[in-house]
Amino acid sequence: MAGIMNIKPGTKMRAALDVPANQEPKFNMMCTFNKALDESAFLVSIPMVDSKAYIPDENQKILFRYGEGENSQVAAGYVDDVVKEGIRRYWKVRRVAENRQFVKRVDVRIKVELPITYMQDTWALNAQGEIDKEKGETADISNNGLAVYMNRWFNVGESCRFTLPRIGTASDGQEAQDVVGVVCWTRELPKGGSYRFVTGIQLRFADIQERGQMQNYVSYVKKRYKL
């Protein structure tokens, strides 16, 4: 996150639904910046579409463009809540950090919750000469990426190792799968849940064999859970 947004209250912003990296977003909604709440959240007026307040999907990333010409910038985030201040209502937007070059959704992600463990390559060994892995849970999974619920914030571009669980029986199943991925984005979750963040991961494979193992794992998950 790049710190608190330095935008004057009342600044006009154009909003657009996020699109795949090879497409251009349509900034066809207008809103007004109200204020930054902290480094990760800000308030904007609710855009109107066809004379009605636009109702966002909590899983849809929205882009907000402000400034003119070469000085224009784009902030990205998810609408967490609708906040009332006086007689006005605002979107509470949770900002996300993102490296768009990684975000190329070329396959379908399956929504499934699988327990995982994860570690960052730079984590130090403990007294027993081992690395203490942390626990998390998948939000979705695909041949090339994951969305993972976790309790640690990672910056865009950081590399992590994940262990996906064994699925099925010894005679018919998939072994636990170790994969390496790069963080594409991190989003803060509402308070009160089991996890603080959800993080998008683009997987990196050393060779065709590793890629094939992941494809087999995902195919089995889809078959076993009838997804």
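Refer to the structure presented above.
These lines cover the structure that appears in this document, whether it is placed above or below.

Reading the values: the criteria
- Every chain's residues receive numbers from 1 upward, in the order its sequence appears when written.
- Totals for whole chains, interfaces and linings use all residues, but because this is a predicted model, local features are given only for residues with pLDDT of at least 70 and pairs of side-chain atoms are given and counted only at 80 or more.
- Only heavy atoms go into the side-chain values, all of them from the structure, while hydrogens and water stay out.
- What counts as a salt bridge is simple: a side-chain nitrogen of Lys or Arg found within 4 Å of a carboxyl oxygen of Asp or Glu.
- By the criteria applied, helices consist of DSSP H or I runs no shorter than four residues and strands consist of E runs no shorter than two, each listed in order from the N terminus.
- Per-residue accessibility, obtained with a 1.4 Å probe over protein chains only, is compared with the maximum for each type, and a residue is labelled buried under 20%, exposed over 50%, and partly exposed between these values.
- One less than the residue count of a helix, multiplied by 1.5 Å, gives the span that helix is expected to have.
- The directions considered for the arc run from the helix axis to the C-beta atoms.
- Between N or O atoms, a polar contact is any pair within 3.5 Å; within protein, one atom must be a potential hydrogen donor and the other a potential acceptor, and residues adjacent in sequence are included only when both atoms are from side chains.
- Side-chain atoms within 4.5 Å are what join buried Ala, Val, Leu, Ile, Met, Phe, Trp, Tyr and Cys residues into a set we call a nonpolar core.
- We call two residues in contact whenever any of their non-hydrogen atoms come within 4.5 Å of each other.

### Looking at the pattern of salt bridges
Summed over the entire model, instances satisfying the criterion amount to eight salt bridges. Measuring nitrogen to oxygen at the nearest pair gives 3.3 Å for the salt bridge that ties D80 to R94. Of this pair, D80 sits in strand β7 (residues 73-85) while R94 sits in strand β8 (residues 88-95); the two residues are 14 residues apart in sequence, bridging distant segments of the chain. Note on R94: relative accessible area 10%, which makes it buried. For D80, the salt bridge is made with R187, and the minimal N-O distance between the two is 3.9 Å.

### Overview of helix α1 (residues 208-224)
An ideal rise of 1.5 Å per residue puts 24 Å on 17 residues; α1 measures up with 24 Å between its terminal C-alpha atoms. M214, Y217, V218, Y220 and V221 are the residues of α1 that are buried. One side of α1 holds all its buried residues, which, seen down the axis, span an arc of 160°. What points out from α1, more than 90 degrees from its buried face, is the exposed set I208, Q209 and K223. For α1, the side-chain oxygen to backbone nitrogen distance between the N-cap and Q209 is 3.2 Å, and the N-cap itself is D207.

### A short note on the nonpolar core
Counting 24 residues, the largest nonpolar core has I141, L146, F162 and M214 as the members making the most contacts within it. Looking at this core, the elements that each hand over two or more residues are β10 (115-120), β12 (145-150), β13 (159-164), β16 (177-188), β17 (197-204) and α1. Considering each element in turn, this core owes the most residues, five residues, to α1. If we skip the residues at most four places from it in the chain, I141 touches V108, R109, I110, V112, L114, L146, L164, M214, Y217 and V218. Among the nonpolar cores identified, the runner-up in size contains 17 residues, and M13, M29, V44 and V79 belong to it.

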